[in-house]
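Topology and contacts: notes
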Amino acid sequence: ILVRGRYLYAGSMVIHRINRKNKRVKIIQKDCEGIDGLVETEKGELIFSNWFGRIVIRQRNKLHVLLYTKEQQINTADIFYSPELKLLLVPTFLDNRVLAYRITY
C-alpha cells in the first residue's frame, strides 16, 4: 500500500489506484505477479517488489525489470526508496541482508 496525495495505491497481481475522496478504484497496471513492496520515485514512477526476487519499475505505463534474483534464491521483501539519495533499499528473505541500489536516470 502506498498513499500519495488523494490516491491510495494497492498492489496485488495488479496495481489499483483508489481515489480517497470518492472511493473510485481503477486498475492502472496489470501483470504484476504478486506485489510485496510498493514505492514511488520523485518522478512519480512506481517501483514494486515480488517476493520471489524481482524488482520492477513502471515508467510511462510500461514495466521494466530492474533486478531479478530468483536463481540466486534471494527473495525480495518490502522496499523503501529515499528520493534524496536516489537509493532503493531491499530487505531479503532467507538471505538476512538489506541490499541498496542507486536509481540513476
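Details of the structure are given in the entry above.
Structural notes, computed from the coordinates. (Residues numbered from 1 in each chain as written. Predicted model: local features only at pLDDT ≥ 70, side-chain atom pairs only at ≥ 80, totals over all residues. Heavy atoms only, no water.)

Section: the environment of tyrosine 9
Residue placement: tyrosine 9 occurs in strand E2 (residues 7–11). A residue is classified by how much of its surface remains accessible, and tyrosine 9, at 10% relative accessible area, is buried. Placed 14 residues apart in sequence, tyrosine 9 and lysine 23 show a C-alpha to C-alpha distance of 12 Å. Contact partners of tyrosine 9, with chain neighbours within four places excluded, come to Ile1, Leu2, Arg4, Ile15, His16, Arg17, Ile28, Leu38 and Leu46. (Helix = DSSP H or I, 4+ residues; strand = E, 2+ residues; numbered from the N terminus. Buried < 20%, exposed > 50% of the residue type's maximum accessible area, 1.4 Å probe, protein only. Contact = heavy atoms within 4.5 Å.)

Considerations on the pattern of salt bridges
Under the defined criterion, the tally for this structure stands at 4 salt bridges. Its salt-bridge partner being arginine 4, residue glutamate 40 comes within 3.0 Å of it at the nearest N-O pair. Of the two residues, glutamate 40 sits in strand E5 (residues 35–40) while arginine 4 sits in strand E1 (residues 2–4), which places them 36 residues apart along the sequence. (Salt bridge = Lys/Arg side-chain N within 4 Å of Asp/Glu carboxyl O.)

Thoughts on the side chain of asparagine 50
Looking at the secondary structure, you find asparagine 50 in strand E6 (residues 46–50). A polar atom in the side chain of asparagine 50 sits 2.7 Å from the side chain of arginine 54. If we ignore the near neighbours within four places in the chain, the residues touching asparagine 50 are Cys32, Glu33, Gly34, Ile35, Val56 and Thr76. (Polar contact = N/O pair within 3.5 Å; in protein donor to acceptor, adjacent residues only side chain to side chain.)

Structural notes on the environment of valine 65
One can find valine 65 in strand E8 (residues 62–68). Taking C-alpha positions, valine 65 is 17 Å from isoleucine 28, a pair spaced 37 residues apart along the chain. Excluding anything up to four places from it in sequence, valine 65 contacts Arg54, Ile55 and Val56.

Some details on the environment of arginine 102
Its place among the elements puts arginine 102 in strand E12 (residues 98–102). Looking at arginine 102, the relative accessible area reads 55%, which means it is exposed. Put simply, arginine 102 and leucine 89 are 13 residues apart on the chain and 8.9 Å apart in space, counted from C-alpha to C-alpha. Sequence-distant contacts of arginine 102, defined by excluding residues within four places in its chain, comprise Leu85, Lys86 and Leu87. Within the local environment of arginine 102, its side chain forms a polar contact with the backbone oxygen of leucine 85, the two atoms lying 2.5 Å apart.

Keep in mind that these numbers describe shape and distance, not what the molecule does.
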